[in-house]
Amino acid sequence: MSRARVAAALRLAGYAAVLVFLGWQVWRVRHGMADSLRAVGWAAALAAGVLAAVGGVPGFVGWRVLLAGLGARLSLRDATRVYFLAGLTRYLPGGVWPTVAHAAMARPLRQPPARLAAAFLASQGLAAVSGVLVGVLALPWLLARSPWWWLLLPACAAAAAPVLAPDLLARLLGAAARLLRRGDAGPLLPGRRALLGATGLMVLGWLISGLHVTVLAVALGADPGPALPLGVGGFALSVVAGLCAVVLPTGLGVREVALALTVATLVGGPDLVTLVALSRVLLTVGDIGSTAVVLALLAATGRRSAGPASPPDPTTAPLPHPTADRLEGAPS
């Protein structure tokens, strides 16, 4: 069996494993999910699901900005395919699979695997940076519960350093690589302009996707005033906490605990459990649905663009140029 067929078989096996895992996640909470939907209401659940799904679009655009900053320009079709298909692998246990998937999908596109992997890693880092910055929105209400939340401010300063000083970050990481004898070359990083642009887009994504927590909280009886900053900021902080738990698929468990800690002042008891569980389910279903829609659109546009091949018209074929013939026959 050729190497290409082995690689294709492995990709299909990986996608199948992801779909099985996602299906299991939805299946195991099927009874509680019905109760949660009745408690929240179908209209609020639908609005929250749309916000959770649309919030990922700015992240996709930010990833493309990072790709362009690294010198890799993919067509919209290829970029969409890579981003959404490789993104599904984050549901597999272990934090390395999305990076591996981006690198593996670069070869058929004749792109350097290290460049696509670097763009993905940079996007993950900037997602954490922007998530911590958006989390500051919830800080006034969190401080009213515990002074420990003041630690969020130095975390914000540390998180902003890679964006404001990418050259310094590259030198520090390069020095660490030399100390670990992993090579003397620094990591591949885009410029400050690309980093700032991608960070701004990801902040927008957090603001949109975090609104789904606000919608759920208000539907469960929370005050809309504090529900807006606590829902948006708390969701961003919970996802960042999940990103730190790289061995768990999409921060499973860690994200739920962090979200419950940040929105506990809005709702409590069974309503808190409903909000946290329904948020996870809506995000998972949104990932499945958006990826399915993207793949269907790519398949449909691919069939239209291929079309039936028409035979060439001999009357419109260009005549050979005698000078070109002589040049092609000349020795180099």
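Worth saying up front: this structure is predicted, and the values here are computed from it rather than measured. In this convention, every chain numbers its residues from 1, walking through the sequence in written order. A pLDDT threshold of at least 70 governs which residues receive local features in this predicted model, and a stricter bar of 80 or more applies before side-chain atom pairs are shown or counted, although totals over entire chains, interfaces and linings include all residues. Side-chain numbers come from the whole structure's heavy atoms, not from hydrogens or water.

Considerations on the confidence of the model for the protein
Now for step 1: Note: pLDDT gives the predictor's confidence per residue, expressed from 0 to 100. Residues of the protein with pLDDT of at least 70 account for 66%, and the chain-wide mean is 75.
Now for step 2: Going along the chain from the N terminus, every DSSP run of H or I of four or more residues is numbered as a helix, and every run of E of two or more is numbered as a strand. Here helix 15 (residues 322-329) stands out as the least confident element of the protein, with mean pLDDT 39; helix 11 (residues 192-219) is the most confident, with 92.
Now for step 3: Throughout residues 180-186 the model reports pLDDT below 50, and contacts reaching past four residues in sequence, or to other chains, amount to seven contacts.
Now for step 4: Counted against residues more than four places away or in other chains, residues 307-332, with its pLDDT under 50, gives one contact. Should any heavy atoms of two residues lie within 4.5 Å, those residues are considered in contact.

A closer look at the pattern of salt bridges
Now for step 1: By salt bridge we mean one thing: a side-chain nitrogen of Lys or Arg within 4 Å of a carboxyl oxygen of Asp or Glu. Applying the stated criterion to the full structure yields one salt bridge.
Now for step 2: Where Glu256 meets Arg280, a salt bridge forms, and the shortest distance between an N and an O atom there is 2.5 Å. Of this pair, Glu256 sits in helix 13 (residues 254-263) while Arg280 sits in helix 14 (residues 270-306); the two residues are 24 residues apart in sequence, bridging distant segments of the chain.
Now for step 3: Among the residues examined, Glu256 registers a relative accessible area of 16% and is labelled buried.
Now for step 4: Judged by its relative accessible area of 9%, Arg280 is buried. For every residue, the accessible area (1.4 Å probe, protein chains only) is compared with the maximum for its type, and the residue is labelled buried under 20%, exposed over 50%, or partly exposed between those bounds.

Structural notes on the packing of aromatic side chains
Now for step 1: Two aromatic rings, drawn from Phe, Tyr or Trp (for Trp, its six-membered ring), form a pair once their centres lie within 6.5 Å of each other, and the interplanar angle then sorts them: stacked below 30 degrees, edge-to-face above 60, tilted otherwise. By the definition in use, this model includes six aromatic pairs.
Now for step 2: Taking the centre distance of 6.0 Å and the plane angle of 45° together, the rings of Phe60 and Phe84 count as tilted. With Phe60 in helix 4 (residues 57-69) and Phe84 in helix 5 (residues 76-88), this residue pair connects regions lying 24 residues apart in the sequence.
Now for step 3: Given a relative accessible area of 10%, Phe60 falls into the buried group.
Now for step 4: By the ring-pair criterion, three or more aromatic residues cluster together here, those being Phe60, Trp63, Tyr83 and Phe84.

Digging into the packing of helix 4 against helix 7 (residues 113-135)
Now for step 1: Between helix 4 and helix 7, whose axes approach to 9 Å, the crossing angle comes to 130°. Of the possible angle classes, the one that applies to helix 4 and helix 7 is oblique. Our pair here, helix 4 against helix 7, has a crossing hand that is right-handed. Contacts between helix 4 and helix 7 involve Trp63, Leu66 and Leu67 on the former and, on the latter, Arg115, Leu116, Ala119, Phe120, Ala122, Ser123 and Leu126. All axes here are fitted lines through C-alpha atoms, helices being fitted over the stretch that makes contact, and every angle between N-to-C directions spans 0 to 180 degrees. Here the angle decides the label: under 35 degrees means roughly parallel, over 145 means roughly antiparallel, 65 to 115 means roughly perpendicular, and every other value means oblique. Less than a right angle of anticlockwise turn of the near helix away from the far helix marks a crossing as left-handed, whereas a clockwise turn marks it as right-handed.

Observations concerning the side chain of Ser279
Now for step 1: Structurally, Ser279 can be placed in helix 14.
Now for step 2: Sequence-distant contacts of Ser279, defined by excluding residues within four places in its chain, comprise His212, Val213, Leu216, Phe235 and Leu259.

Comments concerning the environment of Arg145
Now for step 1: In this fold, Arg145 is placed in the loop between helix 8 (139-143) and helix 9 (152-164).
Now for step 2: The residues contacting Arg145, other than those within four sequence positions of it, are Leu261, Thr262, Ala264 and Thr265.

Details of the nonpolar core
Now for step 1: Here, the term nonpolar core denotes a set of buried Ala, Val, Leu, Ile, Met, Phe, Trp, Tyr and Cys residues that are joined through side-chain atoms within 4.5 Å. Residues Leu216, Val263, Leu266 and Leu275 are the most contacted members of the largest nonpolar core, which totals 36 residues.
Now for step 2: Breaking this core down by element, the ones donating at least two residues are helix 3 (42-54), helix 7, helix 8, helix 9, helix 11, helix 12 (224-244), helix 13 and helix 14.
Now for step 3: Apart from the residues within four sequence positions on either side, Val263 is in contact with Val213, Leu230, Leu272 and Leu275.

Overview of helix 13
Now for step 1: Of all 10 residues making up helix 13, seven are buried, and the element is well covered by its neighbours.
Now for step 2: The set of residues buried in helix 13 consists of Arg255, Glu256, Ala258, Leu259, Ala260, Thr262 and Val263.

Details of the side chain of Ser130
Now for step 1: Locating Ser130 in the fold gives a position in helix 7.
Now for step 2: According to the relative accessible area criterion, Ser130 is buried, its value standing at 0%.
Now for step 3: Counted as a polar contact is a pair of N or O atoms within 3.5 Å, where, for protein atoms, one must be capable of donating a hydrogen and the other of accepting one, and residues adjacent in sequence contribute only when both atoms are in side chains. Looking at Ser130, its side chain comes within polar contact range of the main-chain oxygen of Leu126, at 2.8 Å.
Now for step 4: Once residues lying within four places of it in the same chain are set aside, the contact partners of Ser130 are Thr199, Met202, Val203 and Trp206.

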